Amino acid sequence: MAEENELRYDPATIEPKWQQRWASDPTLYAAEPASCGKPKYYVLEMLPYPSGQLHMGHVRNYSIGDALARHMWMRGYNVLHPMGWDAFGLPAENAALKNNAPPREWTLANIAAMKRQMERLGLGYDWATEVTTCLPEYYRWNQWFFLRMYEKGLVTRKKSKVNWCPECATVLANEQVVDGCCWRHESTLVEQRDLVQWFFRITEYAQELLDGLDKLEGWPEKVRTMQRNWIGRSEGTEVDFFLAEKVDQGSGTKGLGTGTRIRVFTTRVDTILGATSVQLAPQHALVAEFTAVDPELKTQVDELIEQQQRAREAGDLGAIEKHGVPTGRFAINPYNGQRVPIWVANYILADYGTGAIMSVPGHDERDFEFATKYGLPIVQVIKPADSSVSAELPFCSEDGVLVNSGEYNGLSCEEAQKRLQEIAAAEGFGEASVTFRLKDWGVSRQRYWGTPIPMIHCEKDGLVQVPDDELPVVLPAQVEITQQGGSPLGRVPEFLHTTCPKCGGPARRETDTMDTFVDSSWYFYRYTDAKNANAPFDPKAAQYWFPIDQSIGGVEHAILHLIYSRFWTKMMRDLGLIVNDEPARRLFTQGMVIKDGAKMSKSKGNVVAPDEMVGRYGADATRMYALFAAPPDRDLDWQEDGVAGVSRFLGRVWRLVTKYAEAARAERIDSHPFRNERGKDGAPSGLALKLLRKLHQTIAKVTLDFEGRWHFNTCVAAIMELVNDMQAADAQLEAGEVAAPVVRELLRSLVLLLAPFAPYLAAELWEELGEEGNVLRAPWPVSDAELAREDELEIPVQINGRLVTVVRVAADADSKAIEAAALANEKVRARTAGKTLAKVIVVPGKLVNLVVK
Ligand SMILES: [Zn+2]
Ligand SMILES: [Zn+2]
């Protein structure tokens, strides 16, 4: 029909129209106060870095969160669905250097551009709670938290290694080190320098961060495992070996101690009588003493340090090829007085444990490898408890008994660990100990575009806190960014020079700024009270909204961000600001968006711009495709054909609903719930029943998926099937064979089901159906279990194990009835004609197998 050609689904008209209407209603997506009486639901998508352009990964993340938020609104919840900007960081400085644009202007322009993109996508955020981390009204609270932590002893200063470009004369971020060289000076090797830096003592919470993981049942197991490994708790013993006097004696002999102790950490003190060397990290303090008098050793150790640094830069410290050098010095085993050689090795890390280990090649894989390489003795001190087990070395099991260990022979490993710990404690050369891989969080950055650290250096008083009433310490607006010659804030005299709050004398401000992970550790609390000028947030607001009901973000944040924000939550709890122990009840990690088998990236030239897709197919089709093309937790391979397909589907929905909207409108009776209206004419039957059954099955599936399965791809597929069934019945619908109330229920529910996925089209069709109010506030449809139940089942029929046909039987049919239906089937009769039926096997509800000869 010509008329149909003229009426086309046109997202370019529909979507801006609704976008404008929604924008004019600030209450639409606004969270309500606790007094509203509704149950609360807080859905959080991780805030983006304002690069200026959303990418498809963002679109996917936000489409998932927005569908969930809309669903919960329709379920009658008071929903908090906020958005903000992780707006500090190096790219703004890089852009400033490249384009000569001030970081603040560049960042705010990018935010405006991305906000427009989000609004065009129809994402339902409560912009009244927007958080922008680079604005003083936000970062002043970073400073406030810093001071509170400083007062509680959770802030320390210590020397730490930084990447240093001698050419730039400044510190480089890890991402600015390319193949060991400066990103701006490709032939200048980056050095590791010791610099005094600020640290948050996250290690104080190591045990609690670990224990809390057990309770986070709504978090993906892989994330919890990554955090457990990152925290890396090991139980063991710290033991002091004694530095032997430098006399010409070999290994194994008893020696005199110098009084200097070498503390090692071991998880297997039961094997200590099998120690054949002590290994030190190249940066160990004792090594410096040895090399000070031994230039040859110094050269060798420097080489080890370099190897370690290269492996660290390659991010592959665990796989370092093990090298070591003997120092010519000996250590005395405190349990038997035996001398063992001291080595320096590149795989021993200064910042793990004590930076020194005892090497037991008989019972440790790594030590065995090292001893074999350098010809160090290998001694067995544990034999298997079960004598039928082979005792080939290295024998690393703890299911064993001590041998070659003098008075401790015969003890089990567990008994020996306990006994040897007790002896160490009693004799004063060691103790039971727990060590963590987790390190304190270095928050110092020698950068401009970050939160200034609110401390003052006074010559007389030392470190002095900036008083609370002088916060925020505002980042100066005009700074020349050269990325050379140290911290940019050090070159701003008005910033640098101040007076000491204690003595009133001249003093100097701290010029380091904070790591941007500080900003993202607590922004989601600020959303609950974003305009508060007197506190980071009102504890009552946080108590109402926390913990977050559902957090959604990429798995790349499994460590760092998600550990820091858990730490921050515990720290704020201990300040008495909040009562929850963990930030989020549930966490969902979506997969990546890839194209042509690779992650989208500018360098690969496979980036698909969201604006382009929205321009061509509309926001609804782009968003719905992002949910439909793959299960949300898997990677999604972007195919433009797929977006076009979803757009065509939405066009079919649009035509179907507009075609029958008039009939449906005539059936609207506001004062009666529709369900009763349908019942007036008695139970539906025939085609009406068939369509209603499909509808209620679809409602049940989509609802279930929102409750935690998150198979949005199969949800959308189910809605597509429903639309197919309705289109297939077009002729009967046109002929009026389905009662108008049923038509109305079908169309109305279809629009409600689509609302979380394609909000613009749903709003348009809701209006078209003559329904009142915003579809977002319409109650989510409820599946009628009675209607959804199938009354017939399809049972496959096999003959001699091969599928022949399918028969339809009543859902409650017994074996006899199923057998009768199978034998009555024409195909079955044709295949069994003239043969003998030897056996009939019926699995009720599942299968019939006929054995014929
Ligand atoms: Zn450089
Ligand atoms: Zn002072």
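This is a predicted model, so every value here is computed, not measured.

> Would you take a moment to explain a positive patch on the surface for this structure?
Together, Arg 802, Lys 827, Arg 831 and Lys 835 make up a positively charged patch on the protein surface. Residue position: Lys 835 is located in the loop between α28 (826-832) and β33 (837-843).

> What exactly am I supposed to notice about empty space enclosed by the protein here?
Empty space among the atoms becomes visible once a probe the size of a water molecule is rolled across them. Applying the stated criterion across every chain, the model contains 4 cavities of 30 Å³ or more. Considered as a void within the structure, the largest cavity measures approximately 70 Å³ in volume. What lines the largest cavity is simply Leu 44, Met 46, Trp 219, Phe 524, Ile 548, Ser 551, His 561, Leu 562, Ser 565, Pro 583 and Ala 584. The element that contributes the greatest number of residues to the lining of the largest cavity is helix α16 (residues 561-574), accounting for 3 residues. The volume enclosed by the second largest cavity comes to roughly 50 Å³. Taken together, Trp 22, Arg 70, Ala 755, Pro 756, Pro 759, Asn 774, Val 775 and Leu 776 make up the lining of the second largest cavity. Split by residue class, the lining of the second largest cavity holds 6 nonpolar, 1 polar and 1 charged.

> Which parts of the structure should I look at to understand the environment of Leu 172?
Mapping Leu 172 onto the fold places it in strand β6 (residues 170-172). Between the C-alpha atoms of Leu 172 and Cys 182, which are 10 residues apart in sequence, the distance is 7.7 Å. Setting aside anything within four residues of it in sequence, one finds Leu 172 in contact with Asn 163, Cys 165, Val 177, Cys 182, Trp 183, Val 190 and Arg 447.

> For this particular structure, what's the right way to read the coordination of the zinc ion (ligand 2)?
Octahedral six-donor coordination of a metal ideally yields angles of 90 or 180 degrees, compared with 109.5 degrees for tetrahedral four-donor coordination. Bound to the zinc ion (ligand 2) on the protein side are Cys 458 (SG), Asp 461 (OD), Cys 500 (SG) and Cys 503 (SG), at distances that span 1.9 to 2.3 Å. Every donor counted, the 4 donor atoms about the zinc ion (ligand 2) form angles of 106 to 117 degrees at the centre, which fits tetrahedral coordination. Look at where the donors of the zinc ion (ligand 2) fall in the sequence and you get C-x2-D-x38-C-x2-C. Taken together, the residues span a long stretch of sequence, with Cys 458 in strand β21 (residues 455-458) and Cys 503 in the loop between β23 (497-499) and β24 (506-509) at a distance of 45 residues. In this structure Cys 503 comes out as partly exposed when scored by relative accessible area, which is 32%.

> Just to check I follow, could you spell out the sheet that holds strand β30 (residues 636-637) for this structure?
To summarise the sheet geometry, strands pair through backbone hydrogen bonds and adopt either a parallel or an antiparallel arrangement. Strand order in this open sheet of 3 strands is β29-β28-β30, and the pairing throughout is mixed. Either end of the sheet is taken by a strand with one partner, and the two such strands are β29 (598-599) and β30.

> I keep staring at the sheet that holds β33 and nothing clicks. Help me out?
An order of β32-β31-β34-β33 is seen for the 4 strands of this open sheet, with the pairing classed as mixed. Both outer strands of the open sheet, β32 (802-810) and β33, are each paired with one neighbouring strand and no more. When the angles between neighbouring strand axes are averaged without regard to direction, this sheet yields 20 degrees. When strand β31 (residues 792-799) meets strand β34 (residues 847-852), the two strands line up parallel, connected through 3 bridges. What sits directly across from Val 797, in β34, is Val 848. Packed onto the sheet, helix α27 (residues 815-824) meets β31, β32, β33 and β34 and runs at close to 125 degrees relative to β33.

> Would you take a moment to explain helix α2 (residues 11-23) for this structure?
Residue pairs three or four apart in sequence face the same way in an α-helix, which turns once every 3.6 residues. For α2, spanning 13 residues, the distance from its first C-alpha to its last is 17 Å, which sits close to the expected 18 Å at 1.5 Å a residue. Buried within α2 are the following residues: Pro 11, Ile 14, Glu 15, Trp 18 and Trp 22. Along the axis of α2, the buried residues cluster in a sector spanning 90 degrees; they form a single face. Structural note: α2 exposes Ala 12, Gln 20 and Ala 23 on the side pointing more than 90 degrees away from its buried face. Tucked inside the fold, the buried residues of α2 contact α3 (56-74), α5 (103-120), α17 (610-617), α18 (619-628), α19 (640-666) and α25 (759-768).

> I would appreciate a short explanation of the nonpolar core in the present structure.
Phe 200, Trp 568, Met 572, Trp 638, Leu 750 and Phe 757 are the most contacted members of the largest nonpolar core, which totals 186 residues. At 12 residues, α19 tops the list of elements feeding residues into this core. For Met 572, the residues in contact, after removing those within four places along its chain, are Phe 145, Trp 522, Tyr 525, Phe 537, Leu 577 and Ile 578. Among the nonpolar cores identified, the runner-up in size contains 37 residues, and Phe 241, Leu 273, Val 340 and Val 381 belong to it.

Cut-offs and rules
Residues numbered from 1 in each chain as written. Chains lettered and ligands numbered in written order. Predicted model: local features only at pLDDT ≥ 70, side-chain atom pairs only at ≥ 80, totals over all residues. Heavy atoms only, no water. Patch = residues over 30% accessible without salt bridge, like charges linked within 9 Å, V, L, I, M, F, W, Y side chains within 5 Å. Areas by Shrake-Rupley, 256 points an atom, 1.4 Å probe, with all protein chains shown as cover. Salt bridge = Lys/Arg side-chain N within 4 Å of Asp/Glu carboxyl O. Lys, Arg positive; Asp, Glu negative; His and termini not counted. Charge placed at Lys NZ, Arg CZ, Asp CG, Glu CD. Helix = DSSP H or I, 4+ residues; strand = E, 2+ residues; numbered from the N terminus. 1 Å grid on protein atoms, 1.4 Å probe; cavity = no way out; pocket = protein on both sides within 12 Å on 5 of 7 lines; lining within 4 Å. Points joined across faces, edges and corners; volume = space filled by probe spheres on them. Nonpolar A, V, L, I, M, F, W, Y, C, P; charged D, E, K, R; others polar. Contact = heavy atoms within 4.5 Å. Donors = N, O, S within 2.8 Å, 3.2 Å for Na, K, Ca; no water. Tetrahedral: all angles 85-135°; square planar, octahedral: opposite > 155°, others 65-115°. Buried < 20%, exposed > 50% of the residue type's maximum accessible area, 1.4 Å probe, protein only. Pairing = 2+ DSSP bridges. Axes fitted to C-alpha atoms, helices over the stretch in contact; angles between N-to-C directions. Expected span 1.5 Å × (residues − 1). Arc of directions from axis to C-beta. Core = buried A, V, L, I, M, F, W, Y, C linked by side-chain atoms within 4.5 Å.

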